[in-house]
Amino acid sequence: MATAIKESLGEGTHLLVQAGTGTGKSLGYLAPALARVIEHGETIVVATATLALQTQLAGADIPAALDAAEKVTGRRPQASVLKGRNNYACLYRARDEALTSGQGTLLSAGELSESQSPDSPSTLGVEVLALREWVEEELAAGGTGDRDDAPPHTSVAWQQVSIPTRECPGAARCPFGVECFVEKSREAARNADLVVTNHALVAINAMHGGTALPEHTALIIDEAHELTSRLTTAATDELSPGVVDRVVKRCLSWLGDDVGSDMLDAAEELRDVLADSPADRITGAGALLPKACAGLRDAARQAISELDKDKESPERSQAMGALTEVFDIAERIARLADQDVVWVSHSDQQGDRAHVAPLSVAGLVREEVFGQATTILTSATLTLGGNFRTFATSIGLVQEDELIDGRKTPAAGTGWRSLDVGSPFNYGRQGILYAAAGLPSPGRDGLTEALLDEVAQLVWAAGGRTLGLFASRRNAEQAVAHCRQVLPELEFLCQGDAQLSELQRNFTERPATSLFGTMSLWQGIDVPGETCQLVIIDKIPFPRPDDPLMQARKKAVDDAGGNGFMTIAAAHAALLLAQGAGRLIRRESDRGVVAILDPRVVKARYGAFLSSSLPGFWRTTDLDSATNALLRLRGAE
């Protein structure tokens with residue numbers, strides 16, 4: 001892997017590397033990256049899927065690699081961590097809120113938390129005050145103001161000491177711009193040889209003309225199987241009447257009566273249209289939602305013009321930033337462009353909302369990522385259906401004989417090579433893949449009695465030690481209820497019983513315990529050893545049939561003459577299946593069974609595609625073989 005990356009960096013060729021769990025892939029790309037920056041003075045960016053992975057990389061793997069580089073070359077490259085603006089405390093927001101609310105004269109956070117007075121501030125108030133004190137301590141100590149280093153807090157409390165990108169007045173206008181944590185992080189990144197960031201910032205950089213990341217000659221994307229999803233999320237916008245109302249109220253004191261009234265009327269029109277719209281994709285120029293958003297856009301344009309008259313007021317600048325975001329989203333929905341998908345959702349918790357997302361991110365990645373720097377993409381799951389092509393096509397990479405946007409000649413900079421470095425694990429000896437060919441195909445009415453009986457039998461054989469991955473919260477709860485009834489001697493945890501971090505901790509610490517949940521458990525959870533010797537998957541994780549974005553993407557492939565089901569739905573399912581099955585074997589000493597209780601994985605025509613995306617376990621459709629193996633594993637046979 002290191003050799004291939006060294007060659008790609010030297011040649012300027014994009015590279016896909018599948019590196020299984022346990023291969024040490026982070027060091028596999030850090031070694032050639034650091035060698036490159038030392039020898040050629042270049043800047044290389046490493047992007048991870050999540051902030052947690054970014055922190056892990058920056059706190060462990062990179063320091064080890066820097067030590068090795070210094071020992072071998074005599075030079076220690078400079079590494080820097082770069083996150084999105086909202087991950088850093090904002091001095092203006094923290095200090096301004098403290099002054100305007102009068103909390104500058106209150107007791108310290110420690111004194112407040114000890115107070116038992118009925119009039120003592122709320123828990124939120126205590127958290128906010130603690131965060132403000134921490135901000136000042138960070139500044140005095142030369143800290144980064146990174147949220148990960150902050151005292152315990154809720155997301156609502158963090159909002160009081162941070163600021164959205166659109167609302168930031170900018171260092172030049174902010175009275176604390178010289179001390180700004182974000183500006184310091186950007187400066188450190190500009191001076192670094194190796195910059196560690198995340199997929200979201202890569203997406204922002206691509207969408208905003210390369211302004212979010214420092215100039216770089218190469219980009220290494222770790223956990224690259226998440227790239228399409230992260231880019232889609234970053235490029236997705238939504239509007240709700242509640243958000244629009246709050247933004248309008250922030251702006252009213254600076255608006256004339258007519259403009260303010262127009263904004264209020266436009267917000268009310270959006271509320272009425274959303275309430276009357278079905279939860280579905282919006283198509284056709286005659287649809288009411290685009291018209292309502294066009295009215296909101298026009299009213300927002302006039303309001304922005306009035307707010308722009310005083311550029312020196314930070315408060316006014318923040319309000320205009322929030323209003324500009326409303327304007328941009330309303331304009332995007334009003335356009336109803338072919339490259340976007342617009343839909344409406346209704347929720348008891350979040351109310352009525354309008355959404356807009358890109359039909360495809362392949363063009364964005366092709367032009368603004370691959371077209372700008374040599375890119376290395378790596379993950380444990382990049383081959384779908386036994387090859388790299390499905391994944392490569394989804395992100396805009398092509399080989400010479402492939403069509404792209406109807407052209408035979410690929411766009412410049414989109415050629416690629418691939419490498420599968422294999423795995424240190426002997427999957428055929430360490431694990432069994434049981435496919436329940438005898439069960440009925442899943443329906444929409446929950447889990448069948450036959451499936452529930454197999455879940456209980458498998459968990460009994462394993463003596464607990466089970467991670468259950470279910471297609472829905474209802475299915476997980478139904479399975480837990482059944483198992484608690486028929487296996488009262490075992491302990492079962494279900495997602496929703498407590499915070500996910502607490503559930504995972506209990507599952508790890510008590511091997512005989514089983515944890516059942518949904519999509520949050522399919523990726524990222526790492527529980528080696530006897531705690532997890534059985535992974536149950538109740539259903540092939542195809543996209544929801546009522547997901548407007550996935551259905552639109554499937555239709556677009558069909559309309560272009562392709563197979564939308566295989567390209568979109570089956571590829572999505574194959575990736576998640578591979579990730580879910582990958583929870584079982586995390587170390588060379590791990591043993592166990594993956595049980596897929598959906599007979600379509602062996603009976604359907606697409607079953608071979610899904611199966612070829614899974615690790616090379618020994619495979620069986622015989623339930624007794626699976627249960628006997630689990631009994632032997634726990635010494636019960």
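Anyway, here's the lowdown on the structure attached to this text. (Residues numbered from 1 in each chain as written. Predicted model: local features only at pLDDT ≥ 70, side-chain atom pairs only at ≥ 80, totals over all residues. Heavy atoms only, no water.)

1. With respect to the sheet that holds strand β14 (residues 513–517)
Sheets are built from strands paired through backbone hydrogen bonds, the pairs being either parallel or antiparallel. Spatially, 7 strands are ordered β13-β14-β12-β15-β16-β11-β17 in an open sheet, and the strand pairing comes out parallel. In this open sheet, the two edge strands, each paired with only one partner strand, are β13 (491–494) and β17 (618–620). Going across the sheet, the axis of each strand differs from the next one's by a mean of 15°, ignoring polarity. (Pairing = 2+ DSSP bridges. Helix = DSSP H or I, 4+ residues; strand = E, 2+ residues; numbered from the N terminus. Axes fitted to C-alpha atoms, helices over the stretch in contact; angles between N-to-C directions.)

2. Structural notes on a negative patch on the surface
Side chains of Asp-257, Asp-258, Asp-262 and Asp-265 sit close together on the surface and give a patch of like negative charge. By the secondary structure assignment, Asp-258 is in helix α12 (residues 257–276). (Patch = residues over 30% accessible without salt bridge, like charges linked within 9 Å, V, L, I, M, F, W, Y side chains within 5 Å. Areas by Shrake-Rupley, 256 points an atom, 1.4 Å probe, with all protein chains shown as cover. Salt bridge = Lys/Arg side-chain N within 4 Å of Asp/Glu carboxyl O. Lys, Arg positive; Asp, Glu negative; His and termini not counted. Charge placed at Lys NZ, Arg CZ, Asp CG, Glu CD.)

3. Focus: empty space enclosed by the protein
Counted according to the given criterion, the structure contains 2 cavities of 30 Å³ or more. Quantified by volume, the largest cavity comes out at close to 160 Å³. Arg-85, Cys-90, Cys-168, Cys-174 and Cys-180 are, among the 18 residues lining the largest cavity, the residues nearest its centre. Of all the elements in the fold, those that place two or more residues in the lining of the largest cavity are α4 (91–100) and α8 (181–190). Top element by residues in the lining of the largest cavity is α8. It accounts for 3 residues. In terms of residue class, the lining of the largest cavity is built from 14 nonpolar, 2 polar and 2 charged. (1 Å grid on protein atoms, 1.4 Å probe; cavity = no way out; pocket = protein on both sides within 12 Å on 5 of 7 lines; lining within 4 Å. Points joined across faces, edges and corners; volume = space filled by probe spheres on them. Nonpolar A, V, L, I, M, F, W, Y, C, P; charged D, E, K, R; others polar.)

4. Observations concerning the pattern of salt bridges
Applying the stated rule across the entire model yields 30 salt bridges. Of the charged contacts, one joins Arg-75 and Asp-193 as a salt bridge, the two residues approaching to 3.1 Å between their closest N and O atoms. Separated by 118 residues along the polypeptide, Arg-75 in the loop between α3 (51–73) and β3 (79–81) and Asp-193 in the loop between α8 and β4 (194–198) bring together distant segments of the chain. Classification of Arg-75 as partly exposed rests on a relative accessible area of 32%. Members of the salt-bridge network, linked through shared partners, are Lys-25, Asp-222 and Glu-223. (Buried < 20%, exposed > 50% of the residue type's maximum accessible area, 1.4 Å probe, protein only.)

5. Section: the nonpolar core
The biggest cluster of nonpolar side chains holds 40 residues, and the ones touching the most others in it are Leu-239, Leu-289, Leu-296, Leu-323 and Ile-333. For this core, the elements supplying multiple residues, two or more each, are α11 (241–251), α12, α13 (288–307), α14 (314–335), β7 (340–347) and β8 (351–358). Ignoring sequence-local partners within four residues, the contact set of Leu-296 consists of Leu-239, Val-244, Met-263, Ala-266, Leu-270, Val-326 and Ala-330. With 37 residues, the next largest nonpolar core counts Leu-576, Ile-585, Tyr-606 and Leu-614 among its residues. (Core = buried A, V, L, I, M, F, W, Y, C linked by side-chain atoms within 4.5 Å. Contact = heavy atoms within 4.5 Å.)

Shape descriptors only; they carry no functional weight alone.
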